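Now for the letters of each chain:
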There are 2 protein chains.
Amino acid sequence: MYKKILVPIDGSENSLKTLDHAAELASVLGSKIALFHVIAPLPSTVQRYVQVNNLVQEVQGFGQEVLEDAKKAIAKKYNLEIETDLIYGDPANEICDKAKKDQFDLIVIGSRGLSEITSIIMGSVSRRVARHAVCPVLIVR
Amino acid sequence: MYKKILVPIDGSENSLKTLDHAAELASVLGSKIALFHVIAPLPSTVQRYVQVNNLVQEVQGFGQEVLEDAKKAIAKKYNLEIETDLIYGDPANEICDKAKKDQFDLIVIGSRGLSEITSIIMGSVSRRVARHAVCPVLIVR
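Reading guide: rules and limits
Chains are numbered independently. Their residues run from 1 in the order of the written sequence. Here the convention is simple: chains get letters from A, ligands get numbers from 1, in the order in which they are written. Under the rules for a predicted model, residues below a pLDDT of 70 receive no local features and side-chain atom pairs below 80 are neither given nor counted, while totals for whole chains, interfaces and linings still include all residues. By the convention used here, strands pair only if DSSP detects at least 2 bridges between them. For the purposes of this entry, the term helix denotes a DSSP run of H or I that reaches at least four residues, the term strand denotes a run of E that reaches at least two, and both are numbered from the N terminus. Angles shown run from 0 to 180 degrees and are taken between the N-to-C directions of axes, each axis being a line fitted to C-alpha atoms and, for helices, limited to the stretch in contact. Partly exposed residues are those whose C-beta has more than 12 but fewer than 20 other C-beta atoms within 10 Å; with 20 or more the residue is buried, with 12 or fewer it is exposed, and the C-beta atoms are placed from the backbone. Here the arc refers to the set of directions running from the helix axis out to each C-beta atom. By the convention adopted here, residues make contact when the C-beta atoms placed from their backbones lie within 7 Å. We call a set of buried Ala, Val, Leu, Ile, Met, Phe, Trp, Tyr and Cys residues a nonpolar core when their C-beta atoms link them within 7 Å. In superposing the copies, a least-squares fit is computed on C-alpha atoms, taking residues whose pLDDT is at least 70 in both. Multiplying 1.5 Å by the residue count of a helix minus one yields the expected span of that helix.

*Asks:* How should the sheet that holds strand 5 (residues 137-140) of chain B be read in this particular structure?
*Replies:* The pairing of strands in a sheet comes from backbone hydrogen bonds and takes either a parallel or an antiparallel form. The 10 strands are arranged 3(A)-2(A)-1(A)-4(A)-5(A)-5(B)-4(B)-1(B)-2(B)-3(B) in an open sheet whose pairing can be described as mixed. Unpaired on one side and paired on the other, strand 3 (82-88) of chain A together with strand 3 (82-88) of chain B mark the two borders of the sheet. Within the sheet, the average angular offset between the axes of one strand and its neighbour, ignoring direction, is 20 degrees. Bridge count for strand 1 (residues 4-8) of chain B against strand 4 (residues 106-110) of chain B is 2 bridges, and the pairing is parallel.

See below:
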(Lines give C-alpha, C1' and ligand atoms only; values in the text may rest on other atoms or scores of the structure.)
Protein backbone atom coordinates (compact mmCIF):
# COMPACT_ATOMS: atom_id res chain seq x y z
CA MET A 1 0.00 0.00 0.00
CA TYR A 2 2.80 2.44 0.84
CA LYS A 3 5.69 1.93 -1.57
CA LYS A 4 8.01 4.58 -0.08
CA ILE A 5 8.07 5.58 3.60
CA LEU A 6 10.04 8.59 4.87
CA VAL A 7 11.26 8.37 8.48
CA PRO A 8 12.89 11.52 9.88
CA ILE A 9 15.15 10.73 12.84
CA ASP A 10 17.02 13.06 15.17
CA GLY A 11 18.81 10.39 17.21
CA SER A 12 16.46 10.67 20.20
CA GLU A 13 15.17 7.50 21.84
CA ASN A 14 11.70 8.43 20.64
CA SER A 15 12.82 8.72 17.01
CA LEU A 16 14.45 5.27 17.16
CA LYS A 17 11.28 3.76 18.63
CA THR A 18 9.39 5.45 15.79
CA LEU A 19 11.78 3.96 13.25
CA ASP A 20 11.20 0.49 14.67
CA HIS A 21 7.44 1.02 14.30
CA ALA A 22 7.89 2.25 10.72
CA ALA A 23 10.17 -0.67 9.88
CA GLU A 24 7.64 -3.20 11.21
CA LEU A 25 4.95 -1.59 9.06
CA ALA A 26 7.28 -1.48 6.04
CA SER A 27 8.20 -5.14 6.43
CA VAL A 28 4.51 -6.14 6.49
CA LEU A 29 3.63 -3.91 3.53
CA GLY A 30 6.82 -4.48 1.52
CA SER A 31 7.74 -0.78 1.54
CA LYS A 32 11.11 0.88 1.05
CA ILE A 33 12.33 3.13 3.88
CA ALA A 34 14.33 6.34 3.65
CA LEU A 35 15.93 7.60 6.85
CA PHE A 36 16.24 11.36 6.93
CA HIS A 37 18.23 13.55 9.29
CA VAL A 38 17.95 17.34 9.11
CA ILE A 39 20.55 19.59 10.68
CA ALA A 40 18.96 22.85 11.75
CA PRO A 41 21.04 26.04 11.35
CA LEU A 42 23.00 27.05 14.45
CA PRO A 43 21.36 29.94 16.31
CA SER A 44 23.42 33.14 16.15
CA THR A 45 23.73 33.12 19.96
CA VAL A 46 25.59 29.83 19.71
CA GLN A 47 27.73 31.07 16.85
CA ARG A 48 28.99 33.87 19.11
CA TYR A 49 30.46 31.54 21.71
CA VAL A 50 31.88 28.55 19.89
CA GLN A 51 34.27 27.65 17.09
CA VAL A 52 31.59 27.31 14.43
CA ASN A 53 33.67 25.18 12.07
CA ASN A 54 34.36 22.56 14.72
CA LEU A 55 30.77 22.53 15.85
CA VAL A 56 29.45 22.12 12.30
CA GLN A 57 31.76 19.15 11.84
CA GLU A 58 30.60 17.65 15.11
CA VAL A 59 26.93 18.14 14.33
CA GLN A 60 27.38 16.64 10.87
CA GLY A 61 29.31 13.71 12.32
CA PHE A 62 26.52 13.17 14.86
CA GLY A 63 23.92 13.18 12.07
CA GLN A 64 25.83 10.67 9.95
CA GLU A 65 26.32 8.43 12.98
CA VAL A 66 22.61 8.60 13.84
CA LEU A 67 21.72 7.54 10.29
CA GLU A 68 24.30 4.76 10.04
CA ASP A 69 23.53 3.30 13.49
CA ALA A 70 19.80 3.35 12.81
CA LYS A 71 20.22 1.80 9.38
CA LYS A 72 22.37 -1.02 10.77
CA ALA A 73 20.00 -1.77 13.66
CA ILE A 74 16.94 -1.87 11.44
CA ALA A 75 18.51 -3.70 8.50
CA LYS A 76 19.59 -6.42 10.95
CA LYS A 77 16.13 -6.78 12.55
CA TYR A 78 13.98 -6.43 9.41
CA ASN A 79 14.76 -7.37 5.85
CA LEU A 80 14.37 -3.93 4.30
CA GLU A 81 15.74 -1.71 1.59
CA ILE A 82 16.95 1.42 3.42
CA GLU A 83 18.27 4.70 2.06
CA THR A 84 19.72 7.49 4.18
CA ASP A 85 19.90 11.21 3.56
CA LEU A 86 21.32 14.11 5.57
CA ILE A 87 20.46 17.72 4.83
CA TYR A 88 20.75 21.23 6.33
CA GLY A 89 17.70 23.37 6.92
CA ASP A 90 14.52 23.81 8.91
CA PRO A 91 13.50 20.25 9.90
CA ALA A 92 9.72 20.50 9.30
CA ASN A 93 10.16 22.32 5.97
CA GLU A 94 12.84 19.93 4.74
CA ILE A 95 10.80 16.85 5.70
CA CYS A 96 7.71 18.15 3.86
CA ASP A 97 9.79 19.20 0.82
CA LYS A 98 11.58 15.85 0.65
CA ALA A 99 8.29 13.92 0.86
CA LYS A 100 6.79 16.01 -1.92
CA LYS A 101 9.83 16.11 -4.20
CA ASP A 102 10.60 12.38 -3.95
CA GLN A 103 6.92 11.36 -3.91
CA PHE A 104 6.82 9.49 -0.63
CA ASP A 105 3.53 7.75 0.23
CA LEU A 106 3.84 8.15 3.99
CA ILE A 107 5.87 10.02 6.61
CA VAL A 108 6.31 8.23 9.95
CA ILE A 109 7.41 10.61 12.68
CA GLY A 110 7.68 10.60 16.49
CA SER A 111 5.49 12.90 18.53
CA ARG A 112 8.53 14.03 20.52
CA GLY A 113 12.18 14.35 19.67
CA LEU A 114 15.30 16.02 21.00
CA SER A 115 13.66 19.43 20.96
CA GLU A 116 10.86 18.34 23.27
CA ILE A 117 11.09 21.38 25.55
CA THR A 118 11.36 24.07 22.89
CA SER A 119 8.49 22.40 21.05
CA ILE A 120 6.07 23.64 23.68
CA ILE A 121 6.85 27.19 22.62
CA MET A 122 7.66 26.80 18.94
CA GLY A 123 5.31 24.09 17.77
CA SER A 124 7.01 20.75 17.40
CA VAL A 125 8.42 19.44 14.15
CA SER A 126 5.87 16.62 14.07
CA ARG A 127 2.93 18.98 14.44
CA ARG A 128 4.22 21.19 11.63
CA VAL A 129 4.84 18.16 9.41
CA ALA A 130 1.35 16.78 10.17
CA ARG A 131 -0.09 20.12 9.15
CA HIS A 132 1.87 20.85 5.99
CA ALA A 133 2.87 17.52 4.41
CA VAL A 134 1.12 16.60 1.16
CA CYS A 135 1.10 12.86 1.99
CA PRO A 136 -0.34 10.96 4.97
CA VAL A 137 1.57 11.35 8.24
CA LEU A 138 1.72 8.67 10.93
CA ILE A 139 2.54 10.11 14.35
CA VAL A 140 4.02 7.53 16.71
CA ARG A 141 4.24 7.85 20.51
CA MET B 1 0.38 -5.15 13.07
CA TYR B 2 -2.61 -3.03 14.05
CA LYS B 3 -5.39 -5.26 15.37
CA LYS B 4 -7.95 -2.51 16.02
CA ILE B 5 -8.20 0.73 14.04
CA LEU B 6 -10.44 3.62 15.11
CA VAL B 7 -11.76 5.82 12.30
CA PRO B 8 -13.66 8.95 13.38
CA ILE B 9 -15.95 10.21 10.62
CA ASP B 10 -18.07 13.36 10.47
CA GLY B 11 -19.71 12.69 7.10
CA SER B 12 -17.49 15.12 5.21
CA GLU B 13 -16.00 14.05 1.88
CA ASN B 14 -12.57 14.18 3.49
CA SER B 15 -13.60 11.81 6.30
CA LEU B 16 -14.95 9.30 3.77
CA LYS B 17 -11.72 9.45 1.76
CA THR B 18 -9.88 8.88 5.03
CA LEU B 19 -12.07 5.87 5.78
CA ASP B 20 -11.26 4.37 2.41
CA HIS B 21 -7.56 4.80 3.13
CA ALA B 22 -7.99 3.19 6.58
CA ALA B 23 -10.01 0.33 5.11
CA GLU B 24 -7.34 -0.40 2.50
CA LEU B 25 -4.71 -0.49 5.24
CA ALA B 26 -6.95 -2.68 7.44
CA SER B 27 -7.59 -5.12 4.62
CA VAL B 28 -3.84 -5.53 4.00
CA LEU B 29 -3.03 -5.86 7.72
CA GLY B 30 -6.09 -7.89 8.70
CA SER B 31 -7.31 -5.27 11.19
CA LYS B 32 -10.79 -4.66 12.58
CA ILE B 33 -12.27 -1.20 12.03
CA ALA B 34 -14.50 0.82 14.34
CA LEU B 35 -16.30 3.79 12.82
CA PHE B 36 -16.89 6.54 15.33
CA HIS B 37 -19.12 9.59 15.07
CA VAL B 38 -19.12 12.23 17.79
CA ILE B 39 -21.94 14.73 18.13
CA ALA B 40 -20.65 17.96 19.64
CA PRO B 41 -22.98 19.81 22.06
CA LEU B 42 -25.13 22.50 20.44
CA PRO B 43 -23.82 26.01 21.09
CA SER B 44 -26.13 28.04 23.36
CA THR B 45 -26.59 30.61 20.57
CA VAL B 46 -28.18 27.88 18.45
CA GLN B 47 -30.27 26.64 21.34
CA ARG B 48 -31.85 30.10 21.61
CA TYR B 49 -33.24 30.09 18.07
CA VAL B 50 -34.33 26.55 17.29
CA GLN B 51 -36.51 23.77 18.63
CA VAL B 52 -33.71 21.96 20.42
CA ASN B 53 -35.50 18.61 20.61
CA ASN B 54 -36.10 18.49 16.88
CA LEU B 55 -32.54 19.55 16.13
CA VAL B 56 -31.07 16.94 18.47
CA GLN B 57 -33.11 14.28 16.69
CA GLU B 58 -31.96 15.55 13.30
CA VAL B 59 -28.33 15.67 14.32
CA GLN B 60 -28.52 12.18 15.79
CA GLY B 61 -30.26 10.91 12.66
CA PHE B 62 -27.54 12.47 10.52
CA GLY B 63 -24.85 10.77 12.63
CA GLN B 64 -26.48 7.37 12.39
CA GLU B 65 -26.91 7.78 8.64
CA VAL B 66 -23.25 8.78 8.24
CA LEU B 67 -22.16 5.65 10.11
CA GLU B 68 -24.50 3.27 8.31
CA ASP B 69 -23.75 4.63 4.83
CA ALA B 70 -20.01 4.51 5.46
CA LYS B 71 -20.19 1.00 6.89
CA LYS B 72 -22.16 -0.27 3.89
CA ALA B 73 -19.86 1.36 1.33
CA ILE B 74 -16.72 0.00 2.95
CA ALA B 75 -18.03 -3.45 3.80
CA LYS B 76 -18.98 -3.83 0.13
CA LYS B 77 -15.57 -2.73 -1.19
CA TYR B 78 -13.35 -4.45 1.40
CA ASN B 79 -13.95 -7.64 3.33
CA LEU B 80 -13.76 -6.17 6.83
CA GLU B 81 -15.22 -6.54 10.29
CA ILE B 82 -16.72 -3.12 11.05
CA GLU B 83 -18.25 -1.76 14.25
CA THR B 84 -19.98 1.59 14.58
CA ASP B 85 -20.41 3.84 17.59
CA LEU B 86 -22.11 7.21 18.08
CA ILE B 87 -21.49 9.37 21.12
CA TYR B 88 -22.11 12.93 22.41
CA GLY B 89 -19.26 15.12 23.55
CA ASP B 90 -16.20 17.05 22.47
CA PRO B 91 -14.94 15.24 19.35
CA ALA B 92 -11.18 15.31 20.06
CA ASN B 93 -11.63 14.30 23.72
CA GLU B 94 -14.07 11.52 22.90
CA ILE B 95 -11.85 10.10 20.15
CA CYS B 96 -8.81 10.04 22.46
CA ASP B 97 -10.85 8.55 25.34
CA LYS B 98 -12.38 5.87 23.13
CA ALA B 99 -8.95 4.87 21.73
CA LYS B 100 -7.52 4.60 25.23
CA LYS B 101 -10.48 2.86 26.89
CA ASP B 102 -10.99 0.27 24.13
CA GLN B 103 -7.24 -0.14 23.48
CA PHE B 104 -7.12 0.76 19.82
CA ASP B 105 -3.73 0.34 18.12
CA LEU B 106 -4.19 3.18 15.64
CA ILE B 107 -6.45 6.16 14.94
CA VAL B 108 -6.86 7.13 11.27
CA ILE B 109 -8.23 10.64 10.88
CA GLY B 110 -8.60 13.20 8.10
CA SER B 111 -6.67 16.45 8.25
CA ARG B 112 -9.84 18.40 7.51
CA GLY B 113 -13.49 17.76 8.24
CA LEU B 114 -16.76 19.62 8.33
CA SER B 115 -15.40 22.20 10.76
CA GLU B 116 -12.61 23.22 8.40
CA ILE B 117 -13.20 26.95 8.82
CA THR B 118 -13.59 27.06 12.58
CA SER B 119 -10.52 24.84 12.86
CA ILE B 120 -8.32 27.76 11.89
CA ILE B 121 -9.36 29.48 15.08
CA MET B 122 -9.98 26.59 17.43
CA GLY B 123 -7.35 24.05 16.46
CA SER B 124 -8.77 21.23 14.40
CA VAL B 125 -9.95 17.94 15.84
CA SER B 126 -7.20 16.06 14.02
CA ARG B 127 -4.48 18.25 15.46
CA ARG B 128 -5.80 17.82 18.99
CA VAL B 129 -6.13 14.07 18.50
CA ALA B 130 -2.58 13.85 17.11
CA ARG B 131 -1.36 15.68 20.17
CA HIS B 132 -3.28 13.91 22.92
CA ALA B 133 -3.97 10.33 21.78
CA VAL B 134 -2.05 7.58 23.56
CA CYS B 135 -1.77 5.44 20.41
CA PRO B 136 -0.28 6.21 16.97
CA VAL B 137 -2.32 8.58 14.80
CA LEU B 138 -2.34 8.47 11.00
CA ILE B 139 -3.39 11.79 9.47
CA VAL B 140 -4.71 11.41 5.93
CA ARG B 141 -5.07 14.22 3.36
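Here the narrative resumes.
*Asks:* Just to check I follow, could you spell out helix 6 (residues 125-132) of chain A for this structure?
*Replies:* Along helix 6 of chain A, the residues that are buried comprise A:V125, A:S126, A:V129 and A:A130. Within helix 6 of chain A, the buried residues cover an arc of 130 degrees as seen down the axis, which keeps them to one side. Buried-residue contacts for helix 6 of chain A involve helix 4 (91-101), strand 4 (106-110) and strand 5 (137-140) of chain A together with helix 6 (125-132) and strand 5 of chain B.

*Asks:* What's the story with the nonpolar core in this structure? I'm lost.
*Replies:* Across soluble globular proteins, nonpolar side chains have a tendency to be buried as a group. Formed by 70 residues in total, the largest nonpolar core has its most connected members in A:I107 and B:I107. Ignoring anything within four residues of it in the chain, the contact list for A:I107 reads A:L6, A:I95, A:A99, A:V129, A:A133, A:C135 and A:V137.

*Asks:* How should the relation of the copies chain A and chain B be read in this particular structure?
*Replies:* In this arrangement, two copies of a chain are superimposed by a rotation about an axis accompanied by a shift along the axis. Note on the identical chains: chain A maps onto chain B by a rotation of 180 degrees and an axial translation of 0.0 Å, with an RMSD of 0.0 Å. What the superposition gives is, in effect, a two-fold axis relating one chain to the other. It is A:L138 whose C-alpha, among those of chain A, lies nearest the rotation axis, at 2.0 Å. Comparing interface residues between copies, 100% of those in chain A also lie at the interface in chain B; the contact surface is shared.

*Asks:* What exactly am I supposed to notice about helix 3 (residues 52-77) of chain A here?
*Replies:* An α-helical segment advances 3.6 residues per turn. Residues three or four places apart therefore align on the same side. All names here are of chain A. Across its 26 residues, helix 3 extends 37 Å between first and last C-alpha, which sits within 8% of the 38 Å expected from 1.5 Å per residue. Listing the buried residues of helix 3 in full gives G63, V66, L67, A70 and I74. Close packing links the buried residues of helix 3 with helix 1 (13-29), strand 2 (32-39) and strand 3.

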